[in-house]
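# Observations on chain architecture
These are the residues of each chain, in order.
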Amino acid sequence: MTRLRLHEGLFTCPASVSSMTVKWRLLRIKPRFVYSAIVCSDDLAWVPTHYYRGRSVPCIGVTCQVCKYIDVRWYAYAPVILLYQGERQNKALIELPIGAALKLGAEVKQVAQPEDDSWLGVEFQARRSKNTMRSPVAVEFIGIAQEVELCDLEDVHKALCRMWGVPEIDASTDLDSWREIVKVRLGSDEHYEKKNGSPRR
C-alpha cells in the first residue's frame, strides 16, 4: 500500500487557539444513532491519521515513525450545524471516514453546478451500517440548505490541534522542532517498535 503523507500546510493557523470563534466539539458516528447535519464551511478538513491505542492520532509527515508499522487512515472532519427534528441546533465537528466523505462528495457533484466545488450548505445524514463501532459509516445526501452561515476553516484546524494536543504551525515554524514535539506528545519511537513480529497498537 502506498502511504500518504501529511502535507506541510495542514495545521497552518496563524492565530492562537484561544482566538477560536467557535468551540468545536468532536462527534464520532456511534451505532444506533442517525446524525442529521448541514456543512457550514466551503471545505472539509482532510487529515491522514493512524489508529493507535484506541484513538486516531495525526500522521506527522515525512518523519512519521508510526508509518513504519501502522497504515495511514484518512478522515474528513466536517464542520456542521446539527439538526434535531428539522431544527438547527449547535455546531460540531463530525468525523467521517474517507470513503464516506468521498461518496457524499460524489453525490453532491451530481446536483451542484459544474463550477461550484463548495461544501457549504450540504445537508446529509450519517449512521453506522450495523450496530457496532467497527461497522462502516453510511452517508445519505439530503440536499443543499440555504442561508447557512459560513464558518472559518482555520477554527476547525485549531480545534483539531487542541484535541490532539499538538502545536499549530505557520510559515515561521521550524518543522523539525514541531515534529519532535508532536512525536513526544503522541508517543516516543519505542512505543511503535515491533513486538513478536507485529506492531504495538
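The following refers to the structure shown. On a predicted model such as this, the values are computed, not experimentally measured, just so you know. (Residues numbered from 1 in each chain as written. Predicted model: local features only at pLDDT ≥ 70, side-chain atom pairs only at ≥ 80, totals over all residues. Heavy atoms only, no water.)

### Looking at the environment of K23
Among the structural elements, K23 can be located in the segment before β1 (26–28). Note on K23: relative accessible area 52%, which makes it exposed. Along the backbone, K23 and V156 are 133 residues apart, and their C-alpha atoms lie at a distance of 9.1 Å. (Helix = DSSP H or I, 4+ residues; strand = E, 2+ residues; numbered from the N terminus. Buried < 20%, exposed > 50% of the residue type's maximum accessible area, 1.4 Å probe, protein only.)

### Details of the environment of V111
With respect to the helices and strands, V111 occurs in helix α1 (residues 98–111). Spatially, the C-alpha atoms of V111 and G143 are 8.6 Å apart, while their sequence positions differ by 32 residues.

### Looking at the packing of aromatic side chains
Per the counting criterion, the structure on display carries three aromatic pairs. Note on Y75 and Y77: the rings are 6.4 Å apart at their centroids and 45° apart in plane angle, and the pair reads as tilted. Each member of the pair, Y75 as well as Y77, carries the same accessibility label: buried. (Phe/Tyr/Trp six-rings, centres within 6.5 Å; stacked < 30°, edge-to-face > 60°.)

### Observations concerning the side chain of H50
Looking at where H50 falls in the secondary structure, it is placed in strand β3 (residues 45–52). Judged by its relative accessible area of 0%, H50 is buried. Side-chain polar atoms of H50 contact the backbone oxygen of I70, separated by 2.9 Å. In terms of polar contacts, H50 uses its side chain to reach the backbone carbonyl oxygen of D71, at 3.4 Å. Among all residues touching H50, those that are not within four sequence positions of it are R55, S56, V57, C59, C64, V66, C67, I70, D71 and V72. (Polar contact = N/O pair within 3.5 Å; in protein donor to acceptor, adjacent residues only side chain to side chain. Contact = heavy atoms within 4.5 Å.)

### Re unusual backbone geometry
Phi is positive for R32, which is not a glycine, with a value near 70°. Of note, R32 is situated in the loop between β1 and β2 (35–39). With relative accessibility at 67%, the residue R32 sits in the exposed group. For E147, which is not a glycine, the phi torsion comes out positive at approximately 55°. A residue is classified by how much of its surface remains accessible, and E147, at 78% relative accessible area, is exposed.

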